[in-house]
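An overview of the molecular structure
The primary structure of each chain is shown beneath.
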Amino acid sequence: SRRSVTPSSRSRSPSLNDPENGRVRVAVRLRPRTAEDLVSDADFSDCVEIQPELKKLKLRKNNWSSEAYRFDEVFSGGASQRRIYEVVAKPVVESVLDGYNGTIMAYGQTGTGKTYTLGRLGEDDASERGIMVRALEDMIANTSAASDNLEISYLQLYMESVQDLLAPEKINIPIAEDPKTGEVSAPGASVVGIQNLDQFLQVLKVGESNRHAANTKMNTESSRSHAILMINVRRSVQGNEENDTSTIRKDGRNDLSNSHAIPTVRRSKLLIVDLAGSERLDKSGSEGHTAEETKFINLSLSSLGKCINALAENSPHIPTRDSKLTRLLRDSFGGSARTSLIITIGPSSRHHAETTSTIMFGQRAMKVVNTVKLKEE
Ligand code: ADP
């Protein structure tokens, strides 16, 4: 059953004085060796050496790189799903419950654990649950069934077409942006109100099976599309929680009401994005990718990369219009939104080139800072 959010959670809300606020937090998760790695790696050599306590890792080609790459977190293969959630996702979930938008996304080569990290249902073993299930569990526990509202949509983005994973007949769903508030939505996508975790698990399963069916029909693989779980939160906030409203509003929280009247309705959104596999972005037609698919995967991931670079450079223009993916992320990424990026890699030397380019993507993302904060300084 639900309980209301505790006052202590408010102290963790984003603040203009927090220099870390708004920066994309980047964690690396190293997948344990799989049976396949063991078969194909004759010498069992690893291409990465991680130093979780130092939050650093080194890459090896012929020799170990002299440079160690630093991230916000570096998780060894043994890190539990629970730990990943607590460290990487929970701060974003708390911020969304406080009224800010947020994004949690996984980037990496196919087979490195993006879906395991985000989408695992853990029906037989709750300790295996991934971030989507744990996030909803937390949100259900910290909202009131009587006065608050949790709704989800589940979308797939394939070749620049938005598809509804909860109603597979709906394809080419438009993306809308409110000209006044900048709020991004996918009108036409199914919206399901969530009351409890079992119901959410059922909805997620429907989405997964539709994803599988749609991809079979299109003769493609899910690694070539992005899956986007959108969780909309609407909360009634009592007046006494609103004492510091004026400072927080500057930070861009989505309060619907401008007055101090009670209760205030606060709306926010969490996006959990399982990105298409990052591999072979510079080659087309290889390994079964069609030239068209490669072009579109390139478009959305490179456009995401460009937005990350533009934010990192504090550029006044963030090129979010270039792809559907970045248009969907537009109001939930950078600025006052809290964003976590999980970089997934495998240990095998065979994938040295892919692993290196994935790590470099993560390094660029480390530089993203809150543009709102910078203007205030
Ligand atoms: P991706 O979504 O990046 O293509 P998956 O999540 O499907 O990769 O993972 C590929 C395989 O590796 C799956 O069999 C998955 O169960 C396994 N796997 C991934 N990450 C882990 C992990 N941290 N611990 C144990 N097994 C994992």
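Structure's up top.
Notes on the structure follow. Predicted model only: the values in this text are computed from it and were never measured.

Next up on the list: helix α5 (residues 197-217). Spanning 21 residues, α5 covers 30 Å between terminal C-alpha atoms, matching the ideal 30 Å at 1.5 Å per step. Those residues of α5 lying buried are F200, L204, G207 and R211. One face of α5 carries all of its buried residues, which in axial projection span an arc of 60°. For α5, the exposed residues set more than 90 degrees away from the buried face come down to D198, Q202, K205, S209, A213, T216 and K217. Where α5 is buried, its residues touch α4 (131-141), β7 (149-158) and β12 (226-237). N219 sits one or two positions beyond α5 and adopts a positive phi of about 55°.

Here the focus is the sheet that holds strand β4 (residues 69-70). The sheet built from 3 strands is open, its strands ordered β2-β3-β4 with antiparallel pairing. The sheet is open, and its two edges are formed by β2 (48-51) and β4, each paired on a single side. Bridge count between β2 and strand β3 (residues 56-59): 4 bridges; the pairing is antiparallel. Within β3, the position partnered with Q51 by the bridge is K56.

Two numbers describe how helix α2 (residues 81-97) lies on α4: the axes approach to 10 Å, and their chain directions differ by 40°. Regarding the angle of α2 to α4, the classification is oblique. The hand of the α2/α4 crossing is right-handed. For the pair formed by α2 and α4, the contact residues are Y85, A89, K90, V93 and L97 on the first element and I131, R134, A135, D138 and M139 on the second. Residues belonging to the contact of α2 with α4 are distributed by class as follows: 7 nonpolar, no polar and 3 charged.

Conventions and cut-offs
- Residues numbered from 1 in each chain as written.
- Predicted model: local features only at pLDDT ≥ 70, side-chain atom pairs only at ≥ 80, totals over all residues.
- Helix = DSSP H or I, 4+ residues; strand = E, 2+ residues; numbered from the N terminus.
- Expected span 1.5 Å × (residues − 1).
- Buried ≥ 20, exposed ≤ 12 C-beta atoms within 10 Å, placed from the backbone.
- Arc of directions from axis to C-beta.
- Contact = placed C-beta atoms within 7 Å.
- Pairing = 2+ DSSP bridges.
- Axes fitted to C-alpha atoms, helices over the stretch in contact; angles between N-to-C directions.
- Parallel < 35°, antiparallel > 145°, perpendicular 65-115°, else oblique.
- Left-handed = near helix turned anticlockwise from the far one by under 90°.
- Nonpolar A, V, L, I, M, F, W, Y, C, P; charged D, E, K, R; others polar.

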